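Residue strings, one per chain:
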Amino acid sequence: MKPRALALTALLLCWPAVARAQATDEGVRRLLNAIESAVQSGRPDAYNAFLMSTIIETPASVARAASFAALEFRPGATRVVIQERDRQDLPGTLPGNGYRLAVDAFVESGDRARIVTWQFDIRRIDESEWRILDQERLSAVENLYRLSVNPADQYDVRDFRLQAEDLDLTLVEGTIFAITTDQGVTGLILMGRGEMRFSPSPETEKGQVRILSGSDVLESRFDTAYVRFGSFAGHGDPAKLSPRAVEPRDLRRAEEIFREESPKSFVLDLGDLSPDRWSILPGANDFLAEIRSRRFSTLTYARSASEAEDISVFDRRRQRNIAAYASKEKLAERGRFYDEDDLAAYDVIGYDIDVTLAPDRNFINGRVRLTLETRAPIANQITLRLSNALTVQSVVSEEFGRLFSLRSATQNAVLVNLPASVLSGTELTLTVIYSGRLTPQSPDRETIELEQGVFEETFPRAEPSQLYSSRSHWYPQSPISDYATATIRITLPAVFGCVATGELLPDSPTLSPGVNGGQPRRVWQFAAFRPVRYLALLVSRFTNVAQTTLVFDAPSRPTAASAAQVTPSASREAPSPSSRASVVALSPTRDAEIAAASLAPSVSGAVYDSLQLSIAANPRQVDRGRNLVEHAADVARFYQSIIGDSPYQTFTLALIETSLPGGHSPAYFAALNQPLPNTPISWRSDPANFEGFAEFFLAHEMAHQWWGQAVGWQNYHEQWLSEGFSQYFAGLYAKHSGGDETFAAILRQWRKWSLDKSDQGPVYLGYRLGHIKNDSRVFRALVYNKGAAVLHMLRRLLGDEAFFGGIRRFYVESRFKKAGTEDLRRAMEAESGRSLERFFERWIYGAALPRLAFEYRVESSADGQVVVLRFEQTGDVFDIPVTVTLQYADRRSVDVFVPVTDRSVEHRVALDGTLRTAEVSKDDGSLAEVSRTP
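Chemist: Describe the overall build of the chain, listing the residues and the values that go with them.
Modeler: The number of helices and strands found in the chain is 17 helices and 44 strands. When each of the 934 residues of the chain is scored for burial, the buried share is 55%. Long-range pairs, those at least 24 residues apart, make up 73% of the contacts in the chain between residues at least 6 apart in sequence.

Chemist: Can you tell me about the packing of aromatic side chains, naming the residues and giving the values?
Modeler: Applying the stated criterion across every chain, the model contains 43 aromatic pairs. Relative to tyrosine 301, the ring of phenylalanine 198 has its centre 6.2 Å away and its plane inclined at 65 degrees; by these criteria the two rings are edge-to-face. With phenylalanine 198 in strand E7 (residues 184-198) and tyrosine 301 in strand E13 (residues 297-303), this pair connects stretches of sequence that are 103 residues apart. Per residue, the accessibility class of phenylalanine 198 equals that of tyrosine 301, and both read buried. Ring geometry for tyrosine 728 and tryptophan 750: centres 6.1 Å apart, planes at 45 degrees, overall tilted. With tyrosine 728 in helix H12 (residues 720-738) and tryptophan 750 in helix H13 (residues 740-757), the pair connects residues that are 22 residues apart, well separated along the chain.

Chemist: Can you break down helix H10 (residues 622-643) residue by residue, with the values?
Modeler: One turn of an α-helix holds 3.6 residues; hence residues three or four places apart share an orientation. Taking 1.5 Å of rise per residue, the 22 residues of H10 would be expected to cover 32 Å, and the 31 Å separating its terminal C-alpha atoms lies within 8% of that figure. A bend of about 40 degrees at leucine 628 is the largest found in H10. Across the 22 residues of H10, 16 count as buried, placing the element largely inside the fold. Positioned one or two residues after H10, glycine 644 has a phi angle of 90 degrees, which is positive.

Chemist: Please give an account of the side chain of glutamate 290 that cites residues and values.
Modeler: You can see glutamate 290 is positioned in strand E12 (residues 287-293). Side chain to side chain, glutamate 290 and threonine 300 meet in a polar contact 2.5 Å long.

Chemist: Can you explain the sheet that holds strand E39 (residues 864-874)? Please cite residues and give values.
Modeler: With mixed pairing, four strands are arranged side by side in an open sheet as E42-E39-E38-E44. Both outer strands of the open sheet, strand E42 (904-910) and strand E44 (929-932), are each paired with one neighbouring strand and no more. On average, each strand axis in the sheet is inclined to that of its neighbour by 30 degrees, with strand direction left out of account. Pairing geometry for E39 and E42, over seven bridges, is antiparallel. Across the sheet, valine 867 pairs through a bridge with valine 909, a residue of E42.

Chemist: Lay out the pairing of strand E22 (residues 413-423) with the relevant residues and their values.
Modeler: Here is the key point about a regular strand: its side chains alternate between the two faces of the sheet. In terms of strand pairing, strand E18 (residues 378-385) meets E22 through seven bridges, oriented antiparallel. In the sheet register, alanine 379 faces E22, and the bridge partner there is valine 422. Bridge count for strand E21 (residues 405-408) against E22 is three bridges, and the pairing is antiparallel. Directly across from arginine 407, in E22, lies its bridge partner valine 414. Linking E21 to E22, which pair antiparallel, is a turn of four residues.

Chemist: I'd love a proper account of helix H3 (residues 59-72), names of residues and values included.
Modeler: The end-to-end C-alpha separation of H3 is 20 Å, in line with the 20 Å expected for 14 residues at 1.5 Å each. Among the residues of H3, Ala65, Phe68, Ala69 and Glu72 are the ones counted as buried. One side of H3 carries all its buried residues, which in axial view fall inside an arc of 95 degrees. Looking at H3, the residues exposed on the side facing more than 90 degrees away from the buried face are Pro59, Ala60, Ser67 and Ala70.

Chemist: Please provide a residue-by-residue account of the environment of glutamate 307, values included.
Modeler: Tracing the chain through its elements places glutamate 307 in the loop between E13 and strand E14 (311-315). Each C-alpha atom of the pair glutamate 307 and alanine 326 lies 8.5 Å from the other, and the pair is 19 residues apart in sequence.

Chemist: Quick rundown of the environment of phenylalanine 725? Include the residues and the values.
Modeler: Here phenylalanine 725 lies in helix H12. For phenylalanine 725 and glycine 787, which are 62 residues apart along the polypeptide, the C-alpha to C-alpha distance reads 7.2 Å. If sequence neighbours within four positions are ignored, phenylalanine 725 has contacts with Trp707, Trp720, Leu791, Ile807, Phe810 and Leu824.

Chemist: I'd like a rundown of the nonpolar core, residues and numbers included.
Modeler: Counting 157 residues, the largest nonpolar core has Ile490, Tyr639 and Leu886 as the members making the most contacts within it. For isoleucine 490, the residues in contact, after removing those within four places along its chain, are Val355, Leu357, Cys498, Ala500, Arg522, Val523, Trp524, Phe526 and Leu537. Membership of the second largest hydrophobic core comes to 35 residues, among which are Leu169, Met196, Phe198 and Ile291.

What counts, and where the lines are drawn
- Residues numbered from 1 in each chain as written.
- Predicted model: local features only at pLDDT ≥ 70, side-chain atom pairs only at ≥ 80, totals over all residues.
- Heavy atoms only, no water.
- Helix = DSSP H or I, 4+ residues; strand = E, 2+ residues; numbered from the N terminus.
- Buried < 20%, exposed > 50% of the residue type's maximum accessible area, 1.4 Å probe, protein only.
- Contact = heavy atoms within 4.5 Å.
- Phe/Tyr/Trp six-rings, centres within 6.5 Å; stacked < 30°, edge-to-face > 60°.
- Expected span 1.5 Å × (residues − 1).
- Bend = angle between axes of the 7 residues up to and from the residue.
- Polar contact = N/O pair within 3.5 Å; in protein donor to acceptor, adjacent residues only side chain to side chain.
- Pairing = 2+ DSSP bridges.
- Axes fitted to C-alpha atoms, helices over the stretch in contact; angles between N-to-C directions.
- Arc of directions from axis to C-beta.
- Core = buried A, V, L, I, M, F, W, Y, C linked by side-chain atoms within 4.5 Å.

In structure tokens:
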């Protein structure tokens, strides 16, 4: 038989099945269309027409159906849309004769709407007709509103005031339109001659406002303001509104303002259920104002009770946060410090991720199964973070089946409704299927930025690479970073390589042939056996350069501090075990205490005694990769010798071509930027550039495996515990590898940038440092360099034994957790036996610098001459270590350590010769402005 005849015969044989499937789909759709019409009728008895006759004969089934219809078939519906989301064979029926449907129903009643998810068990009664056996409401979202300006009312006002904490809006003269719902006024549009005044209470926030405006207060005239609130009476006096006849021109302007401003907040994306914008109402204590100021363009003030820092001011045009802090009410509830985990509605226990990437199109197809445990006392909704560029096809729970989800129109969030409230401690497993085109993550602020006047198109062409990490939101995750284990399966075109969070599993990657003649693919599988804060993957054309296994000394407990921490060494080889323990040894009691804590049963597991180190590189970077193998191994040994632990059993260093130096270090791997030769860029004037030590970026990025990954940070204020620690450990490695002069040069750079930029805010401001002026050098100067300098000053004040004991205690107590500055303070106080409250208050929470007046005098005593070194602090009293260099007449010099910890300090030093002069050193890393008293 000819091929064409064979194909025709096959088509004729399968046609009955195709026709039956089409009839099934048409029949189910007709049923759903009929239910749409019945719901819109608002008559509960209309539901009876869709029921199987067997139901009508059973009183319990009749009562169940009647209860469902009474709840869902409400009068007043003006539009109903029902979309089928899932179809499964109905248990107990032959295939194709019964289904269990999950459908979303959008019920619009004028300008109010609700969304419900129903489950219908249906059965075929003939070829194209179906009837309902059972029904159930799975979830619902009530009180959605299609908002608009009320065209019937306009108000004239004079000196009308709206107030929220630290904000005062006064419409000196103008007109107002209201945004109303059946629950009252939810918003106002102010037009006319207005005055805005924002005066933040915290001193730190006043400092940020000062950077923007030159004053502690933001003051500006405004022409219009769009305001939303939960309670009008809580913010303004409705009696001040004077009704007047509506002026069409004013109404058109108000409607234009509404169209431009309303989509920015409280709006949901309903997808195929409705093309209109539907909004939720603000909470009772919420307040939002979009203020079109003359001086600062559009400023957004928000008071959001659900946020840890519930007051914020945002510059819309420049996309900059001006202020963010806790209200007086919030401070009274929770105190000064907070852990973002306290806000988490749930903990993620583990992820199982399966993604297919098309790097040439930046396209992702993903299927993620996440297991979580609820923390809120009662939960009826799960919020997932996922980029708005990605479309969710389905969310299915093992416990509840298919779930209804919504997208926030302005946030990278998926709102998943649960069919029933669950109590704290309930374990749920969700499977999310999604896809879309997602732009890779841009460089971190850790990457040195371009100097002005340099254009990217002049760069040599680098090998492309794509990073999806903490800021990409490439997989559904908790809105608050959360430690969890994970497995990741990544499918790529075979020409690409991949590095990801976790250990590369045995026999991975595997090669599979292309589909329908397409290019072959490789499947990469990784497993994060230790908890990680977030998941990341890096795709590029990689060559495997090297792999080696490092075996560490004394893996059963943290080792004593190595000599390399404090003693210069010209060699790049790791110091011998004996020298590691010889200089700074912990007391037996402290060492045993920390070791016991480290080995306590926990999810973190035992201390690893080895590390598998791998190097991958873009093809042109292979030689560079070979040269880095020994350096990377030495860095890993050095850090393990200080801390006594390697948090993860494998680590991959991936060298990628870029225009600027820098890197990114998720758990289990680090991407290290390799600037191409002859790149016409200079980055000398950057706080993170250490030209005297080429491996500083390598050392910094590797340190993040301990600081930032194994030990996380509680909120953005605590980012210095990641970056400052990694910077300091890189400095320690520079001293170990390059010697005293290298470390002294690094200390000078830390000091220079810290002194230059401290007026921009305290270390505790985290990412917001430099944010207003879009100058990331401020962030690196203070969070990186000043953070590292603070640790060095603390070490000098406490001494090596207490300091490194505190480092190890802090690490052990915080491993695979998120820590705060107060946790570090307590660890250091436990090791040193002294209060460090003032030290951290001044250096981390404050922005000021100590001002010291220095003088000295020579006195005679019975034992010979002594020099009296005197320091006087003006302003706030700091704890600061100072080095004074004594210069003798015979050209000898001696460095003297002086701990300045009081308003006035005198330190007496016996002289062994004629003193020529005494000078305060600027090379010890101490951050003080010192003046010489005549």
